[in-house]
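Summary of the model geometry
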Amino acid sequence: MGSIPEEVDLAVVGAGVGGYVTAIRAAELGMNVALVEKEKLGGNCLNYACIPSKALINIANTFYNTTHSQKFGIFVENARIDAKAMYDWRIAASKKLEDGVGFLCKSNGVEVIKAEATFLSSDTLQLSNGMSLKFKKAVIATGSIPSRLDGFEFDSTKIIDYKKALMLDYIPNSIAIIGAGYVAVEIGTLYAKLGTKVHIVARSDVLSKFDRDAIEIIKKNMQNLGIKIYTGSLPVSFDGKSLKLSDGNSIDTELVVVAVGLSPYTSGLGLENTKVELDDKGFIKVDSGLRTTDSNIFAIGDVIGAPLLAHKAIRQGVVVAEIIGGIRKSYDNIVVPSVIFSDPEIAIAGDISEKEGIKVTKFPLSALGRSIALDTTNGFVKIAADQNGVVKGVEIVSEDASDMIAEAALAIEMGATAEDIASTIHPHPTYSEAVQEAAEAAIGNPIHFFYGKKV
Ligand SMILES: Cc1cc2nc3c(=O)[nH]c(=O)nc-3n(C[C@H](O)[C@H](O)[C@H](O)COP(=O)(O)OP(=O)(O)OC[C@H]3O[C@@H](n4cnc5c(N)ncnc54)[C@H](O)[C@@H]3O)c2cc1C
């Protein structure tokens, strides 16, 4: 860190994926930028959430596939997991990315300040290192924290949050996850593949807001992994060994993971010293230009509300810097794709619900060469298109759905039609062909699946 400037064009509070991208883009536009972070560059995503979870999911998949590949003629005896090596890998991956962010900030001339920032007013931050920082504009990118559940206070050994669950340096014999969102599904599936007995306690059902066709596939796979899902009852108490449920049942478990959502992180920010207002859930209110109710202060990422996803924060980081730099007026992306790194992955862009004027077409992976060759036929692609054939939504349930959905997002942003996708050559044999096949079916020209005799 160099000497801290007394006044900057832009102060960014929080160096998660939203904050550091804002800082870099603003510096590229010629602004004098300070990026204030109280913990680690890269924030939750790089250090505690997206990256460690995906590293761990890959390790779990590798172990599981190694020990479950007899049908391919692969027999492995005495396969074992070194939990410490697993832990080290995760930490090293996050560290590499954290260092990379530091390098990029430095190279772009961003002043990184390691401190907690509190607003003293609409143009000054108090830093926990004792200094104060005046700014012309500020961006709040302080993200989110795990939501708490009454009666299940985090104690970091027996009742833990998602961060701790992804940072264990041992493999627990059993865990009970309270929560039914994607975090519960991802963490539950990966530990089940590592041999942990996993219980999920869900108020209604896992991923209850998602398309049932997709969820039935995911739930079946979770059950095949031995994951037990308890629905319709609430967790009551945990005595360190047994989790009691409201229906009188109890679950013997070593650990309880509370994964009941994410809450906006605004505590200690001193927003009462500004004109920034919060909505009824505590998220910072912004307009279409990502400006808060204080004209000097903008906000992006998790702290402004749904969807709480890293790529939304990243895009808003670029956009807010360009709005402040005067080269753009609003955040106007049409879709934010969402992905669940379940088994198989679910990825959605846009709206795939059946409604008037919208035709939804489904192509099953059981008809795809790549899926048959790799024994990954459990899945499908759905395309929703309007009467003019314009693509409004795509859902992919498949290996690598997380990568494939980018094509769908591009199609929707560009107003492409199903015919545009159908007539684009997709490499063979790949999962991406399933998107093309679904588009071919959507325009009435299915090739590799027979939808019924035409008369
Ligand atoms: C288990 C899990 C897995 C996830 N996986 C994915 C995924 O695969 N893909 C995806 O898109 N999203 C995923 N997410 C969501 C993703 O982590 C968030 O959407 C993303 O981190 C939001 O970025 P952000 O920049 O808004 O905030 P954050 O990453 O939360 O960063 C905020 C930063 O602000 C700092 N800060 C807070 N207050 C202050 C202050 N007063 N002064 C200084 N610094 C401060 C914090 O220390 C933190 O570093 C996952 C979340 C969880 C829980």
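What you are looking at is a predicted structure, and each value in this text was computed from that prediction instead of being measured.

Topic: helix α1 (residues 17–28)
With 12 residues, α1 extends 17 Å between its outermost C-alpha atoms, agreeing within 8% with the 16 Å of an ideal straight helix rising 1.5 Å per residue. Across the 12 residues of α1, 11 count as buried, placing the element largely inside the fold. The complete set of buried residues in α1 reads Val 17, Gly 18, Gly 19, Tyr 20, Val 21, Thr 22, Ala 23, Ile 24, Arg 25, Ala 26 and Ala 27. Just beyond α1, the residue with positive phi is Gly 30, at close to 95°.

Topic: the pairing of strand β1 (residues 7–13)
With 5 of its 7 residues buried, β1 lies for the most part within the structure. Of the strand pairs in this sheet, β1 and strand β6 (residues 132–140) are connected by 6 bridges, and their pairing is parallel. In the strand pairing of β6, Val 12 is matched with Val 139. Strand direction decides the pairing type here: β1 and strand β2 (residues 33–37), joined by 4 bridges, are parallel. Residue Val 12 lies in a different strand from β2, and its bridge partner there is Leu 35. Between the parallel pair β1 and β2, the chain is carried across by α1, and the sense of this crossover is right-handed.

What about the sheet that holds strand β9 (residues 174–178)?
What the 5 strands build is an open sheet, ordered β8-β15-β9-β10-β11; its pairing is parallel. For this open sheet the edge positions go to β8 (159–160) and β11 (228–231), each flanked by a neighbour on one side alone. Here β9 pairs with strand β15 (residues 255–258) via 4 bridges, running parallel. Bridged to Ile 177 within β15 is Val 257. Packed on one face of the sheet, helix α6 (residues 182–193) meets β9 and β10 (197–202) and runs near 170° to β9.

Concerning the environment of Asp 294
Here Asp 294 shows up in the loop between β16 (262–264) and β17 (297–299). Between the alpha carbons of Asp 294 and Glu 277 there is a distance of 8.1 Å; along the sequence they are 17 residues apart. If sequence neighbours within four positions are ignored, Asp 294 has contacts with Ser 122, Thr 274, Lys 275 and Val 276.

Examining the packing of aromatic side chains
Tallied over the entire structure, the rule returns 2 aromatic pairs. On the numbers, 5.9 Å between centres and 90° between planes, the contact of Phe 119 with Phe 135 is edge-to-face. Within this pair, whereas Phe 119 is found in strand β4 (residues 117–121), its partner Phe 135 is found in strand β6, the two being separated by 16 residues in sequence. Judged by relative accessible area, Phe 119 falls into the buried class, the value being 0%. Given the relative accessible area of 2%, Phe 135 is considered buried. The interplanar angle of 80° and the centroid separation of 4.8 Å between the aromatic rings of Phe 449 and Tyr 451 together place this pair among those described as edge-to-face. On the basis of relative accessible area, Phe 449 is assigned to the partly exposed category, the value being 30%. Residue Tyr 451 is classed as partly exposed on the basis of its relative accessible area of 38%. Positioned above the aromatic ring of Phe 380 is the side chain of Lys 362, whose terminal nitrogen or guanidinium carbon lies 4.6 Å from the ring centre. Here the guanidinium or amino end of Arg 370 rests over the ring plane of Tyr 431, the centre of that ring lying 5.2 Å away.

Quick word on the pattern of salt bridges
If you walk through the whole model with that rule in mind, you get 18 salt bridges. A salt bridge links Arg 25 to Glu 322, with the shortest nitrogen-to-oxygen separation between them at 2.7 Å. In this pair, Arg 25 sits in helix α1 while Glu 322 sits in helix α8 (residues 310–324), placing the two residues 297 residues apart along the sequence. There is no split in this pair, since Arg 25 and Glu 322 are both buried. Notably, a salt bridge pairs Lys 382 with Asp 213, separated by 2.9 Å at the nearest N-O pair.

About the cut-offs
Residues numbered from 1 in each chain as written. Predicted model: local features only at pLDDT ≥ 70, side-chain atom pairs only at ≥ 80, totals over all residues. Heavy atoms only, no water. Helix = DSSP H or I, 4+ residues; strand = E, 2+ residues; numbered from the N terminus. Expected span 1.5 Å × (residues − 1). Buried < 20%, exposed > 50% of the residue type's maximum accessible area, 1.4 Å probe, protein only. Pairing = 2+ DSSP bridges. Right-handed = clockwise from strand over helix to strand, strands pointing away. Contact = heavy atoms within 4.5 Å. Axes fitted to C-alpha atoms, helices over the stretch in contact; angles between N-to-C directions. Phe/Tyr/Trp six-rings, centres within 6.5 Å; stacked < 30°, edge-to-face > 60°. Lys NZ or Arg CZ within 6 Å of the ring centre and 35° of its normal. Salt bridge = Lys/Arg side-chain N within 4 Å of Asp/Glu carboxyl O.

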